[in-house]
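A closer look at the structure
Each chain is listed here by its residues.
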Amino acid sequence: MSVSRTFIDVRPLRTSPVFRRLLVGRTVSVLGSFMTMVTVMYQVWEMTHSAAWSGAVGLAQALPLVCFGLFAGAWADRGDRRRIYLAATVGQAVCSLLLALQGFTGNVPVAGVLALVAAQSACAAVGGPAAGVFVPRVLPKEQVASGLALYQVTAQSMMLVGPALGGLMLGWFGLGVCYLLDALSFLIAFYGAFGLPALPPEGEPSRAGLHGVVDGLRFLAGHRVVRGALVTDLAVTVLSMPASLFPLINEERFGGDPRTLGLFMSAIAIGGVTASALSGRVTHLGRPGLVMLCGAGVWGAALAAFGLMRSPWAGLGLLVLAGAADALSVLSRTTIVQTRTPDALLGRVTAAEQIVGQAGPHLGNMRAGLVAGATSGATALVTGGLLCLLAVAWVAMGTPELRAGVPAPESA
C-alpha cells in the first residue's frame, strides 16, 4: 500500500463544493462548542468548587438528548432535514447569546447557567439527527468513509485548539466573550448548510410520534453490527469519560491555572488529530468493527493508567494515546452506522448514535464526578477505565461479526 493511502483521503474536498461548505461550517461551530465547554466547566467550578456540580454540567447536556433525541430522529425521517437543522442552529445561537449575557452580568445562579446549557443541548438534540444524513446524501457511497474521516480530523483539530483558546480567552477577556464567540460560530454553521437542497427521506417516511421511534428501535435491536457499535461506544462514554475530573486534576497537579485546564482536552485532541490524519489505511481496510473494538479497549486502558500516573506530563502522554484510540474508534463506529442504515431510518439511528456519542459522555462525566466526590479522582479514572475494558471484551465476545469485520445483514 502506497504512502499516499496512509494519509487521510481528501477526494470529497476536491469533488464536492457542497461538502466543503458543510465542513467549514461544522468546523467553526465545533471550535466554538469546545471553547464553551471549557468556559462552562470553569464557571461552574469557580461558582461551586465541587466535582459533583462540574459533573452536573454533563447531566444538563445529557438529559435533553436522551428525552428528545429519538423523537427528533423520527421527525427528521419525516421532513426536510435541511430546514430542521437550520432551525435548530438558530436555537443554539440564541442560547449562546443568553450565556454571553449572563457571563457579562454575573448575576445568574449556577442553576440558571445549567438551564441555559440544557436548552442549548435540546436544540442540538433536534439538529443532530437531521445533520447525520448530510454526508451520505452529498457524497457518493465510496467516499462516505473519507468524508467522515475529514469531519473527524477537523473536529479533533478544533478539540485541540478550542479548549486551549477557551482557556486563553477566559484569562484575557472573561466568560462573556467566550460565550459570544460561540454564538457567532453558529452563524457560520448556518451558512454551511443554507445552500443545501431540500433533503426529505428516501423511501417510506417515518410514522408519526412514538410509532416512528419504535420502528427505529426495532431496527437497532435486529441489526447486530449497528447495535454492537453503539453498545461499544456507550461503554467508552458512560463508564470512562474523564472530562469532569479535569478541573480537580488541574488544581491538584497544575495549581488551578485556567490556562492549563485546556491542556487535558488538548492532549486528547493531539492524539485524535494525529490518528485521524493517518486514517487512510483505516478507511481502506474495510474492517471498521475490529478497529472500533481495539480503539475502545486502548482508550479504557490508557485512562486507567492515567489515574495511576503521578507525573502530570506522563499523564498528558497517556491522554494523547487515549485520544488517538478514541478517534479511530469513533470514525469506525460512524462508518458502520452511516453505511449500514437505510436512509429512511438514518435520522432515528443517528439520533440513537447522538445519544450514545454525546449524552453518553455527559452521563460519564456525571458518574466520574460522583465517584470522585465519594472517593478520589484517581479512583474514578482507574475504575472507569477497567469497567470500559470489561464491557468492550463482552461486546467483542458476543458479536463475532464485529471481530471479523463482516457487517451483519439488515434485520427488521
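Residues numbered from 1 in each chain as written. Predicted model: local features only at pLDDT ≥ 70, side-chain atom pairs only at ≥ 80, totals over all residues. Heavy atoms only, no water.

A word on the confidence of the model for the chain. Averaged over all residues, the pLDDT of the chain equals 81, while 92% of them reach at least 70. Of all helices and strands in the chain, the one with the weakest mean pLDDT is helix 13 (residues 280-285) (62), whereas helix 4 (residues 81-105) scores best (91). Across residues 406-412, where pLDDT falls below 50, the model places 20 contacts with residues more than four positions away in sequence or in other chains. (pLDDT = per-residue confidence, 0-100. Helix = DSSP H or I, 4+ residues; strand = E, 2+ residues; numbered from the N terminus. Contact = heavy atoms within 4.5 Å.)

With that settled, consider the packing of aromatic side chains. Two aromatic rings are characterised by how far apart their centres lie and by the angle between their planes. Within this structure, the stated rule accounts for four aromatic pairs. Both rings, one in Phe19 and one in Tyr151, keep their centres 5.8 Å apart while their planes meet at 20 degrees; by these two values the pair is stacked. Within this pair, whereas Phe19 is found in helix 2 (residues 17-48), its partner Tyr151 is found in helix 7 (residues 144-173), the two being separated by 132 residues in sequence. A single burial state applies to Phe19 and to Tyr151, both of which are buried. Taken together, a centroid distance of 5.4 Å and an interplanar angle of 80 degrees make the contact between Tyr85 and Phe134 edge-to-face. Here the residue Tyr85 occupies a position in helix 4, and Phe134 occupies one in helix 6 (residues 134-138), the gap between them amounting to 49 residues. For the pair shown, Tyr85 and Phe134 are each scored as buried. (Phe/Tyr/Trp six-rings, centres within 6.5 Å; stacked < 30°, edge-to-face > 60°. Buried < 20%, exposed > 50% of the residue type's maximum accessible area, 1.4 Å probe, protein only.)

What follows concerns the side chain of Thr39. Along the chain, the position of Thr39 falls in helix 2. Judged by its relative accessible area of 0%, Thr39 is buried. Those residues in contact with Thr39 that sit more than four places away from it in its chain are Leu170, Leu175, Cys178 and Tyr179.

Applying the stated rule across the entire model yields five salt bridges. We note a salt bridge from Arg348 to Asp77, for which the minimum N-O separation is 2.8 Å. In this pair, Arg348 is assigned in helix 16 (residues 343-374) and Asp77 in the loop between helix 3 (51-76) and helix 4, connecting sequence segments 271 residues apart. Connected through shared salt-bridge partners, Asp77, Arg81 and Arg348 make up one network. (Salt bridge = Lys/Arg side-chain N within 4 Å of Asp/Glu carboxyl O.)

So, on to the environment of Arg367. Along the polypeptide, Arg367 turns up in helix 16. Taking C-alpha positions, Arg367 is 9.0 Å from Gly384, a pair spaced 17 residues apart along the chain. Beyond its immediate stretch of four places on either side in the chain, Arg367 contacts Val238, Leu239, Ser240, Ala380, Thr383 and Gly384. A distance of 3.4 Å separates a polar atom in the side chain of Arg367 from the backbone oxygen of Ala380. (Polar contact = N/O pair within 3.5 Å; in protein donor to acceptor, adjacent residues only side chain to side chain.)

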